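In case you want the letters, here they are:
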Amino acid sequence: MKDRDFGFATRTVHAGSRPDPTTGARALPIYQTTSYVFEDTESAAAYFNLQEYGNTYSRIMNPTVAAFEERVANLEGGVGAVAFASGLAAQSAVLFTLLRPGDHVVTSSALYGGTVTQFKHVLGKLSVKLDFVDPDDMDAWRAAISPDTKLLFAETIGNPGGNILDIEAIAKLAHDHDCPFMVDNTFATPYLCRPLDWGADIVVHSATKFLGGHGTSLGGVVVDRGDFDWSNGRFPVVADPSPAYHGLQFHETFGVYGFLMKLRTETLRDLGAAMSPFNAFLLAQGIETLPLRMRQHVANAQVVAEFLSAQPGVVKVAHPGLATSIYRPLVEKYLPEGTGAVFCFDLPGGRQAGSSFIEALTLFSHLANVGDAKSLVIHPASTTHRQLSDEELARAGIATGTIRLSIGIEDSNDLIWDLQQGLDACESNS
Amino acid sequence: MRVKLVNLERYQQPDVIRRTLTRLRVAVVGLSGNQLRASNFVGYYLLRHGYDVVPINPRESEIFGRRCFPSLADVPEPVDTINVFRDPSVVPALAEEAVAVGASCLWLQFGVISEQAAEIASAGGLDVVMDRCMKIEHARYIGRMHWLGFNTGTISAQRRTPR
Ligand SMILES: Cc1ncc(COP(=O)(O)O)c(C=O)c1O
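Residues numbered from 1 in each chain as written. Chains lettered and ligands numbered in written order. Predicted model: local features only at pLDDT ≥ 70, side-chain atom pairs only at ≥ 80, totals over all residues. Heavy atoms only, no water.

This next bit is on the overall build of chain A. Of the regular secondary structure elements, chain A holds 17 helices and twelve strands. Relative to a compact globule of 430 residues, whose C-alpha radius of gyration would be 22 Å, chain A shows 22 Å and is just as compact. The principal-axis extents of the C-alpha atoms in chain A amount to approximately 75 × 55 × 45 Å. Counting every position in chain A, which comprises 430 residues, the buried fraction comes to 58%. (Helix = DSSP H or I, 4+ residues; strand = E, 2+ residues; numbered from the N terminus. Rg over C-alpha atoms; globule rule 2.2 N^0.38 Å. Buried < 20%, exposed > 50% of the residue type's maximum accessible area, 1.4 Å probe, protein only.)

Structure below.
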């Protein structure tokens, strides 16, 4: 007999968080402790040898963090997850686990700017070769792959163009080359899309964004589908006996859990960017309302995008949920419930119009983040991308008048009222 | 990617797994004396969790300080579960032995896939679990797998462990 397949909303509330067996506490307890008392010396040895699942030290594992990890793993459909101090820490941990000098990574060019910088700097220092490709161009993906390629990477919903990723096609290409495919699912969340179901091998999140949902806590998480064959001869870094554990072979001993065990007990242990238990508590609590929030985020973003595309003072709205989007077929396949709530639009008046627009707003918070319950706005040309020339901006797909919005869960008519104030200010200043 | 030819889900039923985990005498066939082998990890874990582990390996005389038997037929006392770490080609013959010694479950570890063995064991009245790890399933339902962020797939608002 099969166990019940619980629905997504049920799992957002329950997965990973059973009542505490000792105290009966119903809410997730915050285990604010660095370390754990061993039952006896033999148990301690079994924990350190990985012969037994046990808590040793909170840089490597913590019960509150574990509840958050299991919740995300469950929602994404993975065999498990490892949490990190931030989204970028999660990504760098995967890079450090998989790659060594001489290897090659192929990545979408439509990425969060911090990821582009991370890849360039970190991989450069590791002497790992890197190629950026247009995520919409399957031929470009194919052409970029070389015998040294060890990882393909992209975001479900790209930045700033709202590119929708053809996950199944790229996963197939990756697997044809015995390569894993990693997807940053931050903008979609597992409520809107589950890349592992479409063949991706690893999902990463900046949990800082929609998973937490309230702009309180940094966090990142790596989820593994568990069936990539690390013993295919191309990944000695993963498959070879580990000197750190007396020659243990992770995939042989832990099967489908091997990669995650290695990620935790080697990479997280050594790089040390652990998630704090308090952040895990807030992020796990945030996930309990993920379906409710995402429905409101998506509905508001759609209304706002439609409003903006009808305005004469707006030249381009890069929201893939619009009926005119070139991504319609991919949206219907991968994101039928909506394409998230982060998108860009362009003001024709350049840098000056961007500033006037932002200055005139009341409700939108001007800051560098996305995925908060509150609506957020930023003008990349005068903030995050200020150092770039107009030509460099254009290469990043950003115009001088590009505005990025992260639509919150307020009343949509209030958001439209506020954006109208911004558009009016551009008009009177031009 | 692993090619799945056998309908494995049939042999991975949660109620069968939980029922088997309550029975404590486990013969581990192909148990290695090498601390780094998966079979050794599983055997040691089961011992720690109160199982009466019976090592089966013709090349060893003692593992974990316990007498090692060359084959199932040599074990003097009855056993409940036959936990197998052997090549799939030899597993049908093992299934015959498991039926002969009156075991209640044939449990084939990760990658030990044999439809023929499953049919022999089922016909002999045994439960069959295939391509599952006994350590992991114990940790999932009874133990502490959730302490390391793994997806146990178990959901319950009850304080007791799931049945
Ligand atoms: C899509 C995406 N991925 C990754 C990150 C990095 O996450 P964190 O800031 O938690 O390190 C961000 C942050 O803005 C992001 O938007």
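We now examine the overall build of chain B. When helices and strands are tallied, chain B shows five helices and seven strands. Expected size for 163 residues packed as a compact globule is a radius of gyration near 15 Å; at 15 Å, chain B falls within 12% of this value. Taken across its 163 residues, chain B has 53% of its residues classed as buried. Partitioning the contacts of chain B with sequence separation of at least 6, the portion at a separation of at least 24 is 60%. Accessible area of chain B: about 7,200 Å², with a carbon and sulfur share of 47%. Positive and negative charge centroids in chain B, built from 20 and 16 side chains respectively, lie 10 Å apart. (Contact = heavy atoms within 4.5 Å. Areas by Shrake-Rupley, 256 points an atom, 1.4 Å probe, with all protein chains shown as cover. Lys, Arg positive; Asp, Glu negative; His and termini not counted. Charge placed at Lys NZ, Arg CZ, Asp CG, Glu CD.)

On to the packing of aromatic side chains, then. Overall, the coordinates contain 18 aromatic pairs over all chains when judged by the stated rule. Seen in terms of ring centroids, Phe8 of chain A and Tyr191 of chain A are 5.8 Å apart; in terms of plane orientation they differ by 55°. Their pairing is tilted. Within this pair, whereas Phe8 of chain A is found in helix H1 (residues 8-14), its partner Tyr191 of chain A is found in helix H8 (residues 189-192), the two being separated by 183 residues in sequence. Across this residue pair, the class does not change: Phe8 of chain A and Tyr191 of chain A are buried. Aromatic pair Phe278 of chain A and Phe281 of chain A: ring centres 6.4 Å apart, planes at 15°, arrangement stacked. Residue Phe278 of chain A and its partner Phe281 of chain A are both found in helix H12 (residues 277-287); the two are separated by three residues, about one turn of the helix. Judged by its relative accessible area of 42%, Phe278 of chain A is partly exposed. Look at Phe281 of chain A and you get buried, because its relative accessible area is 17%. Taken together, the aromatic side chains of Tyr53 and Tyr257 of chain A together with Tyr45 and Phe150 of chain B make up a single cluster linked through ring pairs. Over the aromatic face of Tyr141 of chain B sits the side chain of Arg18 of chain B, whose NZ or CZ is 4.9 Å from the ring centroid. Over the face of the ring belonging to Tyr53 of chain A we find Lys135 of chain B, whose NZ or CZ atom lies 5.1 Å from the ring centre. (Phe/Tyr/Trp six-rings, centres within 6.5 Å; stacked < 30°, edge-to-face > 60°. Lys NZ or Arg CZ within 6 Å of the ring centre and 35° of its normal.)

All right, on to the interface of chain A and chain B then. Contact with chain A, which involves 56 residues of that partner, is made by 40 residues of chain B. The junction of chain A with chain B conceals about 4,200 Å² of combined surface from both sides, 53% of it contributed by carbon and sulfur atoms. It is Arg18, Gln51 and Tyr53 of chain A that lose the most area in chain A upon contact with chain B, and together they represent 22% of the buried surface on that side. Here chain A and chain B share four salt bridges between them. The partner of Arg144 of chain B in a salt bridge is Glu39 of chain A, and the shortest N-O contact between them spans 2.8 Å. Between chain A and chain B we count 19 residue pairs in polar contact (both at pLDDT 80 or more) in total. Sorting the residues of the side of chain A that touches chain B by element identifies H1, helix H2 (41-48), helix H3 (63-76), strand S1 (80-84), helix H10 (250-254) and helix H11 (258-271) of chain A as the ones contributing at least two each. A total of five residues in the side of chain A that touches chain B trace back to one element, the largest contributor, which is H3 of chain A. Looking at the side of chain A that touches chain B, its residues break down into 22 nonpolar, 17 polar and 17 charged. (Buried area = accessible area lost by both parts, 1.4 Å probe. Salt bridge = Lys/Arg side-chain N within 4 Å of Asp/Glu carboxyl O. Polar contact = N/O pair within 3.5 Å; in protein donor to acceptor, adjacent residues only side chain to side chain. Nonpolar A, V, L, I, M, F, W, Y, C, P; charged D, E, K, R; others polar.)

We now examine helix H13 (residues 290-309) of chain A. With 20 residues, H13 of chain A extends 28 Å between its outermost C-alpha atoms, agreeing within 8% with the 28 Å of an ideal straight helix rising 1.5 Å per residue. Among all positions in H13 of chain A, only Leu290, Pro291, Arg293, Met294, His297, Val298, Asn300, Ala301, Val304, Ala305, Phe307 and Leu308 of chain A are buried. (Expected span 1.5 Å × (residues − 1).)

Before going further, it helps to examine the pairing of strand S3 (residues 129-133) of chain A. Looking at chain direction, strand S2 (residues 104-108) of chain A and S3 of chain A are connected through five bridges and run parallel. Residue Thr107 of chain A lies in a different strand from S3 of chain A, and its bridge partner there is Phe132 of chain A. (Pairing = 2+ DSSP bridges.)

Moving on, we come to the domain arrangement of chain A. All names here are of chain A. By the assigned domains, chain A splits into domain 1 (8-286) and domain 2 (291-429). Every contact between the two is made by 32 residues of domain 1 and, on the other side, 31 residues of domain 2. Note on domain 1 versus domain 2: buried area summed over both sides is about 2,600 Å², and carbon and sulfur give 64% of it. Linking domain 1 with domain 2 are one salt bridge, by the criterion used here. When contributions to the side of domain 1 that touches domain 2 are tallied by element, the ones reaching two or more residues are H1, helix H7 (167-176) and H8. Across the side of domain 1 that touches domain 2, the residue classes break down as 16 nonpolar, twelve polar and four charged. (Domains from an automatic or database assignment.)

Looking now at the site of the ligand. All names here are of chain A. Near the ligand lie 14 residues; those nearest to it are Gly87, Asp184, Ser206, Thr208 and Lys209. One of the backbone nitrogen or oxygen atoms of Gly87 is found 2.8 Å away from an oxygen atom of the ligand. Within the contact set of the ligand, an oxygen atom lies 2.8 Å away from a side-chain nitrogen or oxygen of Ser206. For the ligand, whose unbound accessible area comes to 390 Å², protein coverage reaches 90%. Sort the elements by how many residues they give to the shell around the ligand and helix H4 (residues 87-98) lands first, with three residues. (Near = heavy atom within 4 Å.)

Residue and element names in this part refer to chain B. Spatial strand order, S2-S1-S5-S6-S7: five strands in an open sheet with parallel pairing. In this open sheet, the two strands that pair with only one neighbour each are strand S2 (52-56) and strand S7 (127-129). Between one strand axis and the next, the sheet turns by 20° as a mean value, whatever way the strands run. Taken together, the five bridges between strand S1 (residues 25-29) and S2 define a ladder with parallel strand orientation. Paired with Val26 across the bridge in S2 is Val53. Contacting strand S5 (81-84), strand S6 (105-108) and S7, helix H1 (residues 14-21) runs over the sheet at an angle of about 105° to S7. Across the sheet, helix H2 (residues 38-48) touches S1, S2 and S5, and the angle it forms with S2 is around 155°. (Axes fitted to C-alpha atoms, helices over the stretch in contact; angles between N-to-C directions.)

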